[in-house]
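Structural overview for review
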Amino acid sequence: MLTLEQLTDFCQKHEIPAFRAKQIAHAIYQEGVESFDDITTIPKPLKKLLSENLQISTVTPTAQEMSGDGSTLKILFKLPDDNTIEGVLMQFKDGRRTVCISSEVGCPLKCKFCASGTLTFKRSLTWEEMADQVIFFSRYLRRQKAEVNHVVYMGIGEPFRNYDNLMKSLKVLMDPEYIGLGARKITVSTAGMVEKIRQFADEPFQVNLALSLHAPTQELRQEIMPIALRYKLDDLMDAIRYYVDKTKRRISFEYVMLRGINDTEKCAKQLAKLVKGMLCHVNLIPYNATDIPGIEGSEKATIKRFQEILEEAGIPATTRVSLGQDISAACGQLANKAQKPFATKK
Ligand code: SAH
């Protein structure tokens, strides 16, 4: 990812007229060129100079998996230091084309049920590496005359551990100069870092927030999410109330349905009580299979009953439609396993 400022600096340094920077940025972000050589508006020597000194993208697709129904494409990206991450494109029947991006190399949070936690944590991503995942998929869709219309920070990692880079990447995604996505089309998901939720509430934009709640009590939550030992449920809910008050925006609670663990009727009632009266929405997530022993998804009927209990208590609730399970590209399945070599040209 190269910003107009970076390109302008580069041009200045090499005594190239500033209008070239605009031409280059236009070619990359509005026309979607993949290499400097493909920019038709600039002279050859400049193409060479650019290729020798700058990288259009910090992420290189190296492997891919497409789901059987063609709805979901998972890409394994190589980073400049040879670490790898995954990003996913989901094309829903209703026209939503959602890109799910990673925020870290591996995840240090180690939620008991999540495959990303089985990866060794290496480092957080730069803002360029986050934005470039989206830019990659938007170029991919452009070839099919389509565009990315939603972005979710729900891939590998905890975006709030990487707050400053997260903010920079969000700005780039929303900037019409680059991707130009509306704030309301973007969702950041957190496992619940209290001080960052408050900070996020104070930001001057309308980006959606989702909280991975997954348990209605402190006791249960800390059993399945080690991060809950650090952030107590009461403090977390206070921070969420602050977010809702401050932004007047609805909070999404994510709740993955784990058989015999958090899916009882008692849990549903406790959950309803916990969130009652809040401007919120509960998204029940059917568990996507992983290799993790001892963790299984709830039965369909259990999920249905759980949802009914919430609804009877006046809590808006839905059950997530999950795509890409057959290629391990669904929530909690990202573990850098995409296999097929990525074909560079259409
Ligand atoms: N660290 C952030 C961003 C990751 S979002 C967060 O926790 O919110 C990924 C979402 O998928 C989280 O809600 C996570 O708890 C959920 N998830 C993890 N493993 C899953 C699985 N196997 N099936 C379904 N959802 C899962």
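Thresholds applied
Residues numbered from 1 in each chain as written. Predicted model: local features only at pLDDT ≥ 70, side-chain atom pairs only at ≥ 80, totals over all residues. Heavy atoms only, no water. Helix = DSSP H or I, 4+ residues; strand = E, 2+ residues; numbered from the N terminus. Rg over C-alpha atoms; globule rule 2.2 N^0.38 Å. Buried < 20%, exposed > 50% of the residue type's maximum accessible area, 1.4 Å probe, protein only. Contact = heavy atoms within 4.5 Å. Areas by Shrake-Rupley, 256 points an atom, 1.4 Å probe, with all protein chains shown as cover. Lys, Arg positive; Asp, Glu negative; His and termini not counted. Charge placed at Lys NZ, Arg CZ, Asp CG, Glu CD. Salt bridge = Lys/Arg side-chain N within 4 Å of Asp/Glu carboxyl O. Polar contact = N/O pair within 3.5 Å; in protein donor to acceptor, adjacent residues only side chain to side chain. Pairing = 2+ DSSP bridges. 1 Å grid on protein atoms, 1.4 Å probe; cavity = no way out; pocket = protein on both sides within 12 Å on 5 of 7 lines; lining within 4 Å. Points joined across faces, edges and corners; volume = space filled by probe spheres on them.

Let's talk about the overall build of the chain
Scanning the chain from terminus to terminus reveals 11 helices and 13 strands. Relative to its length of 346 residues, the chain is compact, with a C-alpha radius of gyration of 21 Å against a globular reference of 20 Å. Considering only C-alpha atoms, the chain reaches an extent of 70 × 40 × 35 Å along its principal axes. Put simply, the chain has 346 residues, and 56% of those count as buried. For the chain, the share of sequence-separated contacts (at least 6 apart) that also reach a separation of at least 24 residues comes to 66%. Just so you have it, the chain exposes about 15,900 Å², and 51% of that area is on carbon and sulfur atoms. Where the 47 positive side-chain charges of the chain centre and where its 42 negative ones centre are 2 Å apart.

Structural notes on the side chain of Asp132
Tracing the sequence through the fold places Asp132 in helix H4 (residues 127–142). Of the buried charged residues, Asp132 lacks a salt bridge, with Arg139 as the closest side chain of opposite charge at 6.3 Å. Side-chain polar atoms of Asp132 contact the backbone nitrogen of Met1, separated by 2.7 Å. Among residues more than four places away in sequence, those in contact with Asp132 are Met1, Ile56, Ser57, Thr58 and Val59.

So, the sheet that holds strand E8 (residues 186–190)
Hydrogen bonds along the backbone pair up the strands of a sheet, which may run parallel or antiparallel. Here 11 strands make up an open sheet; going across it, the order is E12-E11-E10-E9-E8-E7-E4-E3-E2-E1-E13 and the pairing mixed. Edge positions in the sheet fall to strand E12 (317–319) and strand E13 (340–341), since each of these pairs with one other strand and no more. Note: strand E4 (residues 97–100) against strand E7 (residues 150–153), three bridges, orientation parallel. Considered in E7, the bridge of Cys100 is made with Val152.

Points about the side chain of Thr98
By the secondary structure assignment, Thr98 is in strand E4. Setting aside residues up to four positions removed in sequence, Thr98 forms contacts with Val88, Leu89, Met90, Phe92, His150 and Val152.

Topic: empty space enclosed by the protein
Scanning the model with the defined rule gives one cavity of 30 Å³ or more in all. Here the largest cavity is characterised by a volume of approximately 470 Å³. If you go around the largest cavity, you meet 30 residues; those closest to its centre are Cys114, Met154, Ser212, His214 and Gly332. Those elements that place two or more of their residues in the lining of the largest cavity are E8, strand E10 (251–257) and strand E11 (280–286).

These results come straight from atomic positions and should not be treated as a statement about function.
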